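# Inside the fold
The lines below spell out each chain.
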Amino acid sequence: MGCRFGIEGAHNAGTVGPFVDIEGHQMFLTCAHIVNGIDPKGYDLNNIQNMFAEQPDAMTYPHSQTPGYDTRRCGEVRRALFSPNNDISIDAAVVEITEQSRIPSRGEFAIDSERNLKEAGFEDMPRFESGDIHVYSDKFDTDLRINKFGATTHATRGVISSDGTFARPLTTDLELQGQPDVCVMKNQMEVYSLQGHSNFLLPGDSGSGVFVVNKLPTGEQNLTCIGLAIGSTSYGSAVVTPIAAVLDALGLPRKLKQFP
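Now for a quick tour of the structure. (Residues numbered from 1 in each chain as written. Predicted model: local features only at pLDDT ≥ 70, side-chain atom pairs only at ≥ 80, totals over all residues. Heavy atoms only, no water.)

## Thoughts on the state of the cysteines
Taken as a whole and assessed by the stated rule, the structure comprises zero disulfides. The thiol sulfur of C74 is not disulfide-bonded, and the nearest other cysteine sulfur, from C3, lies at 7.7 Å. The class for C74 is buried, based on a relative accessible area of 5%. Here C225 is not cross-linked by a disulfide; its sulfur's nearest cysteine counterpart is in C31, at 12 Å. (Disulfide = S-S within 2.5 Å. Buried < 20%, exposed > 50% of the residue type's maximum accessible area, 1.4 Å probe, protein only.)

Following this line, the structure appears as structure tokens:
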């Protein structure tokens, strides 16, 4: 999770989001706009054929080959759902990991900077292996610790926008560089970076899993997924769709991949 991928034959890139297990097939969530752009009318592409995800992505590494692999292909897009008119707007895609050598055995993140980890509040390499989600509600604990793992900014830390103990739902425009369309995304979470910290989200981070981090009595840090990052506002905060709404819209159980 948290590493960069692209779509074969397209000039775009995004982030590998949380893993899901669908009927024994290993998949990951990401954003539909990485796959098929944005459309104010929305779309639901199902049973997609021959749309391949690749690593490294051709936009970032146009001439490179992944060491040790015969192909850049790591998977195939199975569904892309862009639905701005839902009560909670959805921008989500499901990619099956078809290359056996790429199938994860642990819920690890692609972070290679000790300094980045410490800035995000981690002493050790975090993992997300429970598959548990945090159901976002209007009233919540304002002290929730929020972390995101993305391909551009890696591990970052933030806070959910709120009025006192009540979350402030965000309705905002979503647009992509080079595309004329603008879509209004409704009832999203808004996450700000902590003061003095680097940006919570930047281009290339779309599709990132966003997590609540709790400290257990044992001292270990437990992660539960609260959302899927889809973009940024014009003033720099992150736009995050509640993960329960994403899973519901895709017709999936409210559970992500659990690792033994």
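Alright, that's what it looks like, and here's the rest.
## Here's the deal with unusual backbone geometry
The backbone of E23 shows a phi angle near 50 degrees, a positive value even though the residue is not glycine. Structurally, E23 can be placed in the loop between β3 (19-22) and β4 (25-30). The residue N50 is not glycine, and still its phi comes out positive at about 60 degrees. One can find N50 in the loop between β5 (43-46) and β6 (52-54). On the basis of relative accessible area, N50 is assigned to the exposed category, the value being 60%. (Helix = DSSP H or I, 4+ residues; strand = E, 2+ residues; numbered from the N terminus.)

## Quick look at the nonpolar core
With 58 residues, the main nonpolar core has L29 and L256 as its most contacted residues. Here this core takes six residues from strand β8 (residues 90-97), the largest share from any one element. Here L256 is in contact with P18, F19, V20, L29, F128, G131, I133, C225, I243 and L247, once residues within four sequence places are set aside. Of all hydrophobic cores here, the second largest spans 15 residues; its members include A167, F200, A229 and A238. (Core = buried A, V, L, I, M, F, W, Y, C linked by side-chain atoms within 4.5 Å. Contact = heavy atoms within 4.5 Å.)

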